[in-house]
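Here is what each chain is made of, one letter per residue.
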There are 2 protein chains.
Amino acid sequence: MSTPSSLEALIEALRCLPGVGPKSARRMAYHLLQRDRSGAQHLADALRQALRVLRHCQRCNTFSEAEICDRCLSPRRDPSLLCVVETAIDLNMMEQTQAYSGLYYVLMGRVSPLDGIGPRELHLDRLLARASDGVVREVILATNFTNEGEVTAHTLEEMLKGRGFRVSRIARGVPVGGELEYIDSGTLAQAMRERKSF
Amino acid sequence: MSTPSSLEALIEALRCLPGVGPKSARRMAYHLLQRDRSGAQHLADALRQALRVLRHCQRCNTFSEAEICDRCLSPRRDPSLLCVVETAIDLNMMEQTQAYSGLYYVLMGRVSPLDGIGPRELHLDRLLARASDGVVREVILATNFTNEGEVTAHTLEEMLKGRGFRVSRIARGVPVGGELEYIDSGTLAQAMRERKSF
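This structure is a prediction, so every number in the text was calculated from the model and none was measured. Numbering of residues starts from 1 in each chain and follows the order in which that chain's sequence is written. Chain A is the first chain written and ligand 1 is the first ligand written, with later ones labelled in order. Confidence filtering applies because this is a predicted model: local features only for residues at pLDDT of at least 70, side-chain atom pairs given and counted only at 80 or more, and all residues used for totals across whole chains, interfaces and linings. The side-chain numbers reported here are obtained from all heavy atoms of the structure, hydrogens and water having been left aside.

Q: Tell me about helix H5 (residues 88-97) of chain B, and name the residues and values.
A: When a residue's accessible area, from a 1.4 Å probe over protein chains only, is under 20% of the maximum for its type it is buried; when over 50% it is exposed; and in between it is partly exposed. Put simply, DSSP H or I for four residues or longer makes a helix, DSSP E for two residues or longer makes a strand, and each gets a number counted from the N terminus. Those residues of H5 of chain B that fall on the buried side of the exposure criterion are Ala-88, Asp-90, Leu-91, Asn-92, Met-94 and Glu-95 of chain B. Whether two residues touch is decided by their heavy atoms; if any such pair falls within 4.5 Å, the residues are in contact. Where the residues of H5 of chain B are buried, they touch helix H2 (22-35) of chain A together with strand S2 (63-64), helix H4 (70-73), strand S3 (78-85) and strand S4 (102-106) of chain B. Positive phi shows up at Gln-98 of chain B, right after H5 of chain B, with a value of about 55°.

Q: Hey, could you go over the interface of chain A and chain B for me, with residue numbers and the actual values?
A: Of the residues lining the interface, 60 residues belong to chain A; the matching set on chain B comes to 58 residues. As a working definition, buried area equals the accessible area (1.4 Å probe) given up by two parts on being put together, with both sides summed. Summed over both sides, the interface between chain A and chain B buries roughly 5,400 Å², with carbon and sulfur atoms accounting for 67% of that surface. For this analysis, a salt bridge means a side-chain nitrogen from Lys or Arg found within 4 Å of a carboxyl oxygen belonging to Asp or Glu. Inspection of the region where chain A meets chain B yields two salt bridges. In this structure, the salt-bridge partner of Arg-48 of chain A is Asp-45 of chain B, at a minimum N-O distance of 2.4 Å. Polar contact is the term for a pair of N or O atoms within 3.5 Å; when the atoms are in protein, one must be able to donate a hydrogen and the other to accept it, and sequence-neighboring residues count only if both atoms are side-chain atoms. Where chain A touches chain B, the interface holds nine residue pairs in polar contact (both at pLDDT 80 or more). When residues of the side of chain A that touches chain B are traced back to their parent elements, those giving at least two are helix H1 (5-14), H2, helix H3 (37-53), strand S2 (63-64), helix H4 (70-73) and helix H5 (88-97) of chain A.

Q: I'd like to hear about the nonpolar core, residue by residue, with values.
A: With 80 residues, the main nonpolar core has Leu-17 of chain A together with Leu-17 of chain B as its most contacted residues. Excluding its chain neighbours within four sequence positions, the residues that come into contact with Leu-17 of chain B are Leu-14, Leu-17, Met-28, Leu-32 and Leu-43 of chain A together with Met-28 of chain B. Leu-124, Val-136, Leu-160 and Val-167 of chain A belong to the second-largest nonpolar core, a separate cluster that totals 20 residues. In this text, buried Ala, Val, Leu, Ile, Met, Phe, Trp, Tyr and Cys residues form a nonpolar core when linked through side-chain atoms within 4.5 Å.

Q: Can you explain unusual backbone geometry? Please cite residues and give values.
A: Of note, the phi angle at Gln-98 of chain A is positive, near 55°, even though the residue is not glycine. Mapped onto the elements, Gln-98 of chain A comes out in the loop between H5 and strand S4 (102-106). Positive phi, normally seen in glycine, also occurs at Met-108 of chain B, with a value near 60°. Tracing the sequence through the fold places Met-108 of chain B in the loop between S4 and helix H6 (124-131). The buried category is assigned to Met-108 of chain B, whose relative accessible area is 17%.

Q: How would you explain the packing of aromatic side chains if you had to name every residue and give the values?
A: Put simply, two rings from Phe, Tyr or Trp (the six-membered ring, in Trp's case) pair if the centres are within 6.5 Å, and we call them stacked under 30 degrees between planes, edge-to-face over 60, tilted for the rest. For the coordinates displayed, the defined rule picks out four aromatic pairs over all chains. Aromatic pair Phe-63 of chain A and Tyr-30 of chain B: ring centres 6.0 Å apart, planes at 20°, arrangement stacked. Taken together, the positions of Phe-63 of chain A in strand S2 and Tyr-30 of chain B in helix H2 (residues 22-35) put the pair across two chains. Comparing Phe-63 of chain A with Tyr-30 of chain B shows no difference in burial state: the two are buried. An angle of 70° between the planes, with centres 5.2 Å apart, marks the rings of Tyr-100 of chain A and Tyr-104 of chain A as edge-to-face. A residue is classified by how much of its surface remains accessible, and Tyr-100 of chain A, at 7% relative accessible area, is buried. What makes Tyr-104 of chain A buried here is its relative accessible area of 1%. Sitting over a ring, as applied to charges here, requires NZ of Lys or CZ of Arg to be within 6 Å of the ring centre and within 35 degrees of the ring normal. Directly above the ring of Phe-145 of chain A sits Arg-169 of chain A, whose terminal nitrogen or CZ lies 4.1 Å from the centroid.

Q: Just give me the short version of the pattern of salt bridges, but keep the residues and values in it.
A: All names here are of chain A. Scanning the model with the defined rule gives 18 salt bridges over all chains in all. Here Asp-133 makes a salt bridge to Arg-130, at a shortest N to O gap of 3.0 Å. In this structure Arg-130 comes out as buried when scored by relative accessible area, which is 8%. Counted as one network, the salt bridges with shared partners bring together Arg-59, Arg-130 and Asp-133.

Following this line, the structure appears as structure tokens:
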């Protein structure tokens, strides 16, 4: 009488997608089965392939198919600048501004005491090791301007300045409470250009 | 320098989902890779499994793992009533009302002359064969009240009445909980014309 179990399982599985509740998951499942079976097959394949081949770049920690990503190996990037972002999507937003030609380090998270995520859980020692390559001269903190992003920036500032790094923060052109992912690239470019030393 | 190709492929593949544009596809991909790899694996498996086992019920045309779905085989449904809906999701909505205990036929589409979808493309002959089982006494048209849904209902009405079926259409009017102030005048005019005596 009810929905077939494989269909229920698909609806449930679609809810792993951010922002997808029970109703849109159901609509997505029916849409795929009724109108886009090849798209569904393609999605299943793309998911498996991505899970199989993508890992973290050993230098910048972003998603990469190689041990060291293209960007970290590129001779066209300035290796004396290291920009720290929370997520790979933030890196992507920053790249779209074309206002920055240095390298990155992706935290894949943020300091969040309430969730029990501190410097240790974020593996900040890896960032420290990365920054200590003898080439990096300035670390630019581009974490979000949310509470957690600010705490992360503050934590990093303390840690890095204590070790003699020049540390800067992208300018507060980004509205307070704003997240990089939703900022237009003009504003973000401005924030990069007007970054201030601590 | 750019996003790895397997990641780009995943982002592109996610766009087969309805209502998902380039930006949310990117967010979904990063979310899955960064925070929910097991959910992504589960989704890939659920997609493959659903594509593998789901087919159309030979009687009502909805998605089913068996040749004839549970609902069509159920002794608790009234086989003299056949409700025609456009999609499996509409069937699901109707079932949730618990106001109907007959059987269904899912068109898996609608008559849409502009898109070249006529009675032949919708395989209305199959509906006709289904309704002609000698048990169905009334066909209830529950297609949408959109232009295409109305054209579909009209086409079905002509086709079925010509063959002696009793045909009805679900009622049109002000939604339950609807306030006249916010109802479009077309609906309101229709509700007035189709008013019922107490």
